[in-house]
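Structural overview
If you want the building blocks of each chain, they are given just below.
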Amino acid sequence: MQILIHSADAEQWQTAIAKALPTATVISSHVTLEARHNADYLVAWQPPGWLFEEQKGLKGIINLGAGVDALLNNPALPAGVPIVKLRDAGMADPMIDYVRYAVLHFQRDFDRYARQQARIQWQEQPLAPKAEWGIGVLGLGAIGARVAQTLAADGFPVHGWSRRPKALDGIRCYHGEEGLATLLGQVKSLVTLLPNTPATRDIINAETLAALPPGASLINPGRGSLIDEAALLEALGPVDAETRSGKDDGNGDTGRLRGAVLDAFAYEPLPADSPLWRHPRVLITPHMAAPTPRDAALEQVIDTLKAWQAGEQVPSVDPAAGY
Ligand code: GLV
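Keep in mind it's a predicted model, so treat the numbers as computed, not measured.

Taken together, Trp 45, Gly 65, Ala 66, Gly 67, Met 91, Arg 223 and His 287 make up the full set of residues near the ligand. Within the side chain of Arg 223, a nitrogen or oxygen atom sits 2.7 Å from an oxygen atom of the ligand. Residue His 287 places a side-chain N or O atom 2.7 Å away from an oxygen atom belonging to the ligand. Coverage of the ligand by the protein chains reaches 85% of its 190 Å² of free accessible surface. For the shell around the ligand, the residue count by class is 3 nonpolar, 3 polar and 1 charged.

Here's what the structure looks like:
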């Protein structure tokens, strides 16, 4: 069995996989072409098109991440080769931390306190009860479901939405267009954890943002493609040129979106001239919400390779659905 690795940290993966599968030949895409050809399996994160032009005998691809959008959008990707993606694989824990932090940013008024501090203003805000702080989680895959259930266990009313009907303990689940509209009307923080597919592109747009209650907040640790950035900026409202603040910088409510915590963008790195960088109600992080921990991911990679070697079927991505 020949395994080809393509990733920024390919050498570490190579060592770990070779150790777990001593009979396999494991090589990295960094070696010379002669050493590289005829791999049976590709283990990769965002492989370039030339790798597929060169590898004509692939029997399976393992995606070293949860999102398969970059892979499926690669025009050179061969049709019919099964793709297995990481499912949670240790990513849900850091994602839960990220989303908790972002929800508390608004529910405990850290956004307002940061602006108050800039004005040297000591003023306690009334505490918004968790039980009245509805959270919407769009996307109930392996990671979204755990995020939703953890926030529910924290005491927040959590509403979940997915493309297909789903049932999750402790979560009010919705699906379809009507379900989305019902969910949006009830949430103070909206968390987007959907995959990037044609069906989810710009799902957060002028219409969906307008369906949120006044003063709601958006948290996107999923994919940039989910958000119409122009509509988001419009919903956040104008920035006062002199004070560099949004209009309701005190405690008031203008009926606009209160703020956004964003980790994923349509173009990454987020271009320097994006107005999102400078918006006082936006907190930006560089796609760091849930890095893939190698140990947990390695276990899934090895299990998949062993199953393939034994001729077993492994649940794989549906390219038509995009996840
Ligand atoms: C990261 O963005 C992933 O898809 O795993």
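We are not done yet, so read on.
The omega torsion of the bond from Glu 268 to Pro 269 falls at -5°, within 30 degrees of zero and hence cis. Look at Asp 88: it is not a glycine, yet its phi comes out positive at around 65°. When you line up the elements, Asp 88 lands in the loop between strand E5 (83–85) and helix H5 (92–107). Asp 88 gets classed as buried once you look at its relative accessible area, which sits at 17%. Within the chain, Ile 120 stands out as a residue other than glycine whose phi angle is a positive 50°. For Ile 120, the position within the fold is in the loop between helix H6 (110–118) and strand E6 (135–138).

Time to look at the pairing of strand E10 (residues 217–220). Where burial is concerned, the two faces of E10 agree: the one with Ser 217 and Ile 219 and the one with Leu 218 and Asn 220 are both buried. Where strand E9 (residues 189–192) lies against E10, 3 bridges are found, and the strand directions are parallel. Opposite Ser 189, over in E10, you have Ser 217 as the bridge partner. Relative to strand E13 (residues 259–262), E10 runs parallel, the two being bridged by 4 bridges. Considered in E13, the bridge of Asn 220 is made with Leu 262.

Another aspect to go through is the domain arrangement of the chain. If you check the domain split of the chain, you get domain 1 (2–89 + 292–309) and domain 2 (92–284). Each of domain 1 and domain 2 was reduced to a C-alpha centroid, and the two centroids are 34 Å apart. On the domain 2 side, the residues contacting the 7 residues of domain 1 number 6 residues. Considering only the surface of domain 1 that becomes buried against domain 2, Asp 69, Arg 87 and Asp 88 emerge as the three largest contributors, covering 75% of it. At the boundary of domain 1 with domain 2, the tally comes to 2 salt bridges. A salt bridge links Asp 69 to Arg 223; its shortest N-O distance comes to 2.7 Å. Along the contact surface separating domain 1 from domain 2 lie 4 residue pairs in polar contact (both at pLDDT 80 or more).

Inspection of the entire model under this criterion finds 10 salt bridges. Sharing partners across several salt bridges, the network here consists of Asp 109, Asp 111, Arg 112, Arg 115 and Arg 258.

What follows concerns the sheet that holds strand E2 (residues 25–28). Strand pairs in the sheet, formed through backbone hydrogen bonds, run parallel or antiparallel to each other. The sheet built from 5 strands is open, its strands ordered E2-E1-E3-E4-E5 with parallel pairing. Pairing within the sheet leaves two strands with one partner each, and these edge strands are E2 and E5. Strand-to-strand twist in this sheet, taken as the mean axis angle between neighbours without regard to direction, amounts to 20°. Summarising the sheet, strand E3 (residues 41–44) and strand E4 (residues 60–63) pair through 4 bridges and their orientation is parallel. Looking at E4, one finds that Tyr 41 is bridged to Gly 60. On the sheet, helix H1 (residues 10–20) packs against strand E1 (2–6), E2 and E3 and is oriented at approximately 175° with respect to E2. Most of the contacts of helix H12 (residues 294–309) go to E4, to which it runs at about 170°, and overall it touches E1, E3, E4 and E5.

Over its 12 residues, helix H7 (residues 142–153) extends 17 Å from the first C-alpha to the last, a length consistent with the 16 Å expected when each residue adds 1.5 Å. The set of residues buried in H7 consists of Ile 143, Gly 144, Ala 145, Val 147, Ala 148, Thr 150 and Leu 151. Buried-residue contacts for H7 involve H5, E6 and strand E7 (158–162). Gly 155 sits one or two positions beyond H7 and adopts a positive phi of about 110°.

Each value, and the rule that gives it
Residues numbered from 1 in each chain as written. Predicted model: local features only at pLDDT ≥ 70, side-chain atom pairs only at ≥ 80, totals over all residues. Heavy atoms only, no water. Near = heavy atom within 4 Å. Polar contact = N/O pair within 3.5 Å; in protein donor to acceptor, adjacent residues only side chain to side chain. Areas by Shrake-Rupley, 256 points an atom, 1.4 Å probe, with all protein chains shown as cover. Nonpolar A, V, L, I, M, F, W, Y, C, P; charged D, E, K, R; others polar. Helix = DSSP H or I, 4+ residues; strand = E, 2+ residues; numbered from the N terminus. Buried < 20%, exposed > 50% of the residue type's maximum accessible area, 1.4 Å probe, protein only. Pairing = 2+ DSSP bridges. Domains from an automatic or database assignment. Contact = heavy atoms within 4.5 Å. Buried area = accessible area lost by both parts, 1.4 Å probe. Salt bridge = Lys/Arg side-chain N within 4 Å of Asp/Glu carboxyl O. Axes fitted to C-alpha atoms, helices over the stretch in contact; angles between N-to-C directions. Expected span 1.5 Å × (residues − 1).

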